[in-house]
Amino acid sequence: MTSLRVRIGILGLALLAGSAAPASPAAAAAAPSPTVEEQRLDRAVPREILERSGFDAVPLGFSRALGTARSYAEARKVVVRQGSALWKRAVDRAQGRGPAGGDLSRDDDRPLYWARLGMTREVRSWEPSFGLSEAQRAALIGELERTSRGQTTVRYPGGDRLKRVLVTGFDPFTLDRDIRISNPSGASALALDGTVIETAEGPARVETVVFPVRWQDFTDQTVERALRPYLKKVDLFTTVSQGRVGRFDVERTNGAWRGGFPDNDNVGVTGVVPVADPASQPQWTTTTLPYKAIVDADTGRFPVYDNTSVTEIPAGGTVPVVRADGPTAGSAARAGGGGNYLSNEIAYRVTLLRDRLGLHDVLPGGHVHTPVLEFGAGNTDPATGAVTDPAFVQNRLDIIAQVRTILVVAVEKAT
């Protein structure tokens, strides 16, 4: 997720309305049309991915369960139960538990993405007899997003025996360029969620969540709401996204600027990153990960770089300038090391939240960009190419393994 090679890429959580009285039919709002993101479900590639993973039955089963609800309260219970089950199913599949459901490799993050969209589309188009207000429908979709992204299942054991690590990933994106795309950050989240990694400093429990690639969700502060409860409880965090070809990057500096690249709903937004209390908002935040140790370690197949470059408008200037060694005093951000798309923004938001919680000097955290997940030679045409191939699978497995090893190094050196 960069503005350099591939600008890569989260859903605003609606206010919970579990205690709200069901809307009367007269108060019900007309069901809205599917979003741009949901409309892609009708293409051949998403259907094939769902069929070859066994996730094609998920939206249908969800629709049937939703149809049994006789009130808003019952519908909310169905959404929470089914959304949580989808996340668990995706994690179990990625970690080798239960049936594969088809011949698509278990490490694939795409079945979760497309099945979730099938479920949100069902809620968006559902017109129950008891009626749904616009706010209630939005709340149901918000619950579905939270539960199916692992945001409600972060659990760390008590005591001091285990280190606690929090990792985030992203959905696939740039789907109109190649609808076959998978996101190795999301795949890493599924592979690592709930696992224990062994380090020289002892075992570390990893919990993960996944975010959408949508500007509005970030504007609605879904990142802060999802992660604020955990930052004071963890020993290390890293946000992860897909970045440049053939390399990992530990991003040194994050900028408070949106560059406008279209998101998964084909919406582009340009301007200062909107956060709470903008009067105290800094232009830049920095990593507190042990970046030198990560770069120096042999973590896997791909080289790892300490990326210090940014794009700024210098103090008193009007023209953006690329700085190889980070921002200068008083400058305005135009791109962090990770660009000015949603990967830079999640890094900016979470490190700003870290700092506002008074954790800058005690909590190691920052952003890691993975290599671009590439298809094998001869399978690069989006119009005619296969949805998977051996090189594609191996590339994803190698990236996941290297993310895990980077976490091991980070835990050991940050302690």
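Note that this is a predicted model, so its numbers are computed, not measured. (Residues numbered from 1 in each chain as written. Predicted model: local features only at pLDDT ≥ 70, side-chain atom pairs only at ≥ 80, totals over all residues. Heavy atoms only, no water.)

(A) The sheet that holds strand E13 (residues 332-335), seen in detail. Ordered by their spatial adjacency, three strands build an open sheet running E12-E11-E13, and the pairing between neighbours is antiparallel. If you trace the sheet from one side to the other, it starts and ends with strand E12 (321-323) and E13, each paired once. On average, adjacent strands in this sheet sit at an angle of 45° to one another, irrespective of strand direction. Here three bridges tie strand E11 (residues 310-313) to E13, and the two strands are oriented antiparallel to one another. When the sheet's bridge partners are listed, Thr-311 is paired in E13 with Ala-335. (Pairing = 2+ DSSP bridges. Helix = DSSP H or I, 4+ residues; strand = E, 2+ residues; numbered from the N terminus. Axes fitted to C-alpha atoms, helices over the stretch in contact; angles between N-to-C directions.)

(B) Main features of the pairing of strand E3 (residues 202-211). Taking burial as the measure, the ten residues of E3 include nine buried ones, the bulk of the element. Direction of pairing for strand E1 (residues 163-170) relative to E3: parallel, over a ladder of eight bridges. Looking at E3, one finds that Val-165 is bridged to Val-206. (Buried < 20%, exposed > 50% of the residue type's maximum accessible area, 1.4 Å probe, protein only.)

(C) Focus on helix H4 (residues 72-94). Compared with the 33 Å implied by 1.5 Å per residue over 23 residues, the 33 Å span of H4 between its first and last C-alpha is a close match. The set of residues buried in H4 consists of Tyr-72, Ala-75, Val-78, Val-79, Gly-83, Leu-86, Trp-87, Ala-90, Val-91, Asp-92, Arg-93 and Ala-94. Tucked into the core, H4 has its buried residues touching helix H3 (57-67), helix H5 (110-125), helix H6 (134-148), helix H7 (184-192) and E3. Following H4 by one or two positions, Gly-96 adopts a phi angle in the positive range, close to 85°. (Expected span 1.5 Å × (residues − 1). Contact = heavy atoms within 4.5 Å.)

(D) Up close: the pattern of salt bridges. This model, assessed by the stated rule, comprises 32 salt bridges. Note that Arg-396 and Asp-108 form a salt bridge whose closest N and O atoms lie 3.5 Å from each other. Of the two residues, Arg-396 is situated in helix H12 (residues 390-414) and Asp-108 in the loop between H4 and H5; the sequence distance between them amounts to 288 residues. Comparing Arg-396 with Asp-108, the two get one shared label, buried. Residues participating in the shared-partner salt-bridge network are Glu-37, Arg-116, Glu-145, Arg-149, Asp-171, Arg-214 and Asp-217. (Salt bridge = Lys/Arg side-chain N within 4 Å of Asp/Glu carboxyl O.)

(E) Representation of unusual backbone geometry in the model. Despite not being glycine, Gln-221 shows a phi value in the positive range, around 65°. Looking at where Gln-221 falls in the secondary structure, it is placed in the loop between helix H8 (215-219) and helix H9 (222-231). Located in the positive-phi region is Asn-266, a residue other than glycine, with phi close to 60°. Within the element layout of this structure, Asn-266 appears in the loop between strand E7 (257-259) and strand E8 (270-272). You can call Asn-266 partly exposed: its relative accessible area is 42%.

(F) Structural view of the sheet that holds E1. Taken in spatial order, the seven strands line up as E2-E3-E1-E4-E14-E5-E10 in an open sheet, and their pairing is mixed. Both edges of this open sheet fall to strand E2 (196-199) and strand E10 (304-307), since each of them pairs with a single strand only. Within the sheet, the average angular offset between the axes of one strand and its neighbour, ignoring direction, is 30°. Pairing analysis gives three bridges linking strand E5 (residues 248-251) to strand E14 (residues 365-370), with the strands arranged antiparallel. Pairing of Asp-249 across the sheet is with His-369, part of E14.

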